[in-house]
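Survey of secondary and tertiary structure
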Amino acid sequence: MGSLENEPPSAADHDFKGSARPETFLLVLNAPQPPSLWQELSGSVRGAIFPRGNQPSSLTKWAISVLHGLFPVLHWGRNYSLKSFRSDLMAGLTLASLGIPQSIGYANLAKLDPQYGLYTSFVPPLIYAVMGTSRDIAIGPVAVISLLLSSMAQKVVDPSVDPTAYRKLVITSTFFAGVFQASFGFFRLGFIVDFLSHATIVGFMGGAAIVIGLQQLKGLLGISHFTNNTDVVSVIKAVWVAVHHSWHPDNFLIGCSFLIFILIVRFIGMRKRKLFWLSAITPLLSVIISTLLVFLTRADKHGVKIIQKVKEGLNPSSVKDIQLTGSHVGESAKIGLICAIIALTEAIAVGRSFAAVKGYQLDGNKEMVAMGFMNLAGSMSSCYVATGSFSRTAVNVSAGCKTTVSNIVMAITVFLSLQLLMKLLYYTPVTILASIILSALPGLIDIKEAYNIWKIDKMDFLTCFGAFLGVLFGSVEIGLLTAVLISFAKIIISALRPSVEMLGRIQGTDTFCSMRQYPSAAETPNLMILRIDSPFLCFMNANFIRERIVNWVTEGPNATNEETKSVIIDMTNVINIDTSGISALEEIYKKLASSSVQLAVVNPSWQVIHKMKLARLVDMIGGAWIFLTVGEAAEACLDDKKEDNYIV
């Protein structure tokens, strides 16, 4: 037999049987070129604005598509009925009875004057009502964002020394928060929000709730001088020093009495669902009753601290307060970014929870755009960062809301209160605001969920516990940073040492799966099938994967005690590759070729196959050895082995 006859058949000359092989061969190699970065970004913007599947063919249709994309109210508003309005009216009024006292308390937590909490419950809900996709979410100030703002902003400007500069910093941070949120939505950057995992949020919320509770001891005890630090050690130290000096027990008596009252009524409301409205209006009743008591007994003359003057009237413009130049711009942007991410995380989690219960879909990107625009508008009308509140949303749903019109009703009620009722709040005791905030905190501490995280994933629990301890003993930023670093460490460890599984065939089928997971899967003689379980074959893991594959092949005979003739690498799970990954595949191919072992690649993604073609790696391996399925690759390798045996 001549030398030409002794040559093994080339990939191009290989005679594959059946009609499926040539078709799938072309499918893999002739995959379209993947979109460029610019195409992906522009497509994201179009997808965030236009309804799905809508291709505007004229300027008018384009404008209508933009309006429908930005303002969902134009879609559902056409079918809005009087019956729905009745439900939304009752829900909005119930929501206002809870939201008004909470908003005043949260403004105090944010170290702003009381009216700023009411401002934040007026403009942002109106904007969200026409731009948001959730039918249930209640918009306004929340405890965690109020704490977040005050804890970070007071490190830059002390509110007790320069309240005007502090207010401008908060307004500017709100502006940046709106810009970031709208940008996340337009460019579909929601994955940034996902950096804060579920475990992180559980730990962060628990730690923040305890910190907020400790901060309320200032109002509950009527302490005049208190620490600006938020860590538990500083707060306890400040309380210890304060109670050994002059303080007025009447503040504590009033605050604790109404706190117990609110919690008892809430417990009754939870046990008897028909009385939910009673627990919703209890904070407002507490404000009214406590204000009357202080006024009638003149308790303010005996040490009970009162709110005193609350500025009445519509939100004043704050455009001039937005400071885009100066020494604090960087700090404002940082505070805005952190608040934007936390606010989006909370709002989207709340919205999706209730959307799942009611059976409709929440559009995450449009939610980000809506949140962004409402905070941009809020920053120009004396509001600070607003988001969705879980407790108020639960009340909104229980009250029977049908659409976001309930937010409009609440906003109008707040507006009327700002116009007519602010003078009546003069004698409202500060301690009642502390009681209202304290009554809302138990819902933020989810011990049951923390225990579930511990049972399911210990690494996730470490993230949760890191966020909790960081917030509690450090600061809000330290807690978030600790959790994010632990999460990134988890990701990096997984990326550095990804799983490479050896696949076997389930007897009697054409299905190949992990032999570790399915011990009954049988290895094919002379054939090693490997699957890379990593979305990226890149500089972080390329050498690890290369060494693992080469070592497995060169260790010696496989489980069937026969020499390995072919290696199949299943790349179904690999969605992208970089130059380090390409180099690793080249080295694997050369190492196997030097040992007369054939390499076959299965189902590379279009990003991967495109880069393999640019690097001429497809020409090196041979286009005929790129397959769509593991079954096809195994059949081709076994046929090739038979032909080699025949030639020999």
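Residues numbered from 1 in each chain as written. Predicted model: local features only at pLDDT ≥ 70, side-chain atom pairs only at ≥ 80, totals over all residues. Heavy atoms only, no water.

Across its full length, the protein chain carries 28 helices and 10 strands. When the backbone C-alpha atoms are referred to their principal axes, the protein chain occupies close to 115 × 65 × 55 Å. Taking the intrachain contacts of the protein chain between residues at least 6 apart in sequence as the baseline, contacts between residues at least 24 apart amount to 82%. Looking at the protein chain as shown, the accessible area adds up to about 30700 Å², and 63% of this sits on carbon and sulfur atoms. (Helix = DSSP H or I, 4+ residues; strand = E, 2+ residues; numbered from the N terminus. Contact = heavy atoms within 4.5 Å. Areas by Shrake-Rupley, 256 points an atom, 1.4 Å probe, with all protein chains shown as cover.)

Our next topic: the sheet that holds strand S3 (residues 499-505). Hydrogen bonds between backbone atoms are what pair the strands of a sheet, whose relative direction is either parallel or antiparallel. Strand order across the open sheet formed by 6 strands is S4-S3-S5-S7-S9-S10, with mixed pairing between neighbours. The open sheet is flanked by strand S4 (512-514) and strand S10 (626-627), the only strands paired with a single partner. Sheet topology note: the strand S9 (residues 598-602)/S10 ladder contains 2 bridges and is parallel. Its bridge partner lying in S10, Val602 is registered against Phe627. Sitting on the sheet, helix H24 (residues 542-554) touches S3, strand S5 (527-533) and strand S7 (566-570), and the angle it makes with S3 is about 40°. (Pairing = 2+ DSSP bridges. Axes fitted to C-alpha atoms, helices over the stretch in contact; angles between N-to-C directions.)

A full pass over the atoms with the stated rule returns 0 disulfides. With no disulfide of its own, Cys513 lies 18 Å from the sulfur of Cys637, the closest cysteine sulfur. On the basis of relative accessibility, which here comes to 11%, the residue Cys513 falls in the buried class. (Disulfide = S-S within 2.5 Å. Buried < 20%, exposed > 50% of the residue type's maximum accessible area, 1.4 Å probe, protein only.)

Moving on, we come to the packing of helix H14 (residues 249-271) against helix H15 (residues 276-297). Look at H14 against H15: their axes get within 9 Å of each other, and the N-to-C directions meet at 160°. As far as their axial angle goes, H15 and H14 are roughly antiparallel. The interaxial crossing formed by H14 with H15 has right-handed handedness. Contact residues: H14 offers Phe258, Phe261, Ile262, Val265 and Arg266, while H15 offers Leu278, Ser279, Thr282, Ser286, Ile289, Ser290 and Leu293. When grouped by side-chain class, the residues that make up the contact of H14 with H15 number 7 nonpolar, 4 polar and 1 charged. (Parallel < 35°, antiparallel > 145°, perpendicular 65-115°, else oblique. Left-handed = near helix turned anticlockwise from the far one by under 90°. Nonpolar A, V, L, I, M, F, W, Y, C, P; charged D, E, K, R; others polar.)

What follows concerns the nonpolar core. The biggest cluster of nonpolar side chains holds 107 residues, and the ones touching the most others in it are Ile145, Leu148, Leu149, Phe204, Ile342 and Met371. The leading source of residues in this core is helix H16 (residues 329-358), at 11 residues. Those residues in contact with Phe204 that sit more than four places away from it in its chain are Val144, Leu148, Ile342, Ala467, Val471, Val476 and Leu480. (Core = buried A, V, L, I, M, F, W, Y, C linked by side-chain atoms within 4.5 Å.)

Counted residue by residue, S9 has 4 buried out of 5 residues, so it is predominantly covered. Where S7 meets S9, 5 bridges bridge the pair, whose relative direction is parallel. Bridge assignment links Ile568 to a residue of S9, and that residue is Ala600.

Most of helix H20 (residues 430-440) is tucked away, with 10 of its 11 residues classed as buried. When we look at burial in H20, the residues that qualify are Thr431, Ile432, Leu433, Ala434, Ser435, Ile436, Ile437, Leu438, Ser439 and Ala440.

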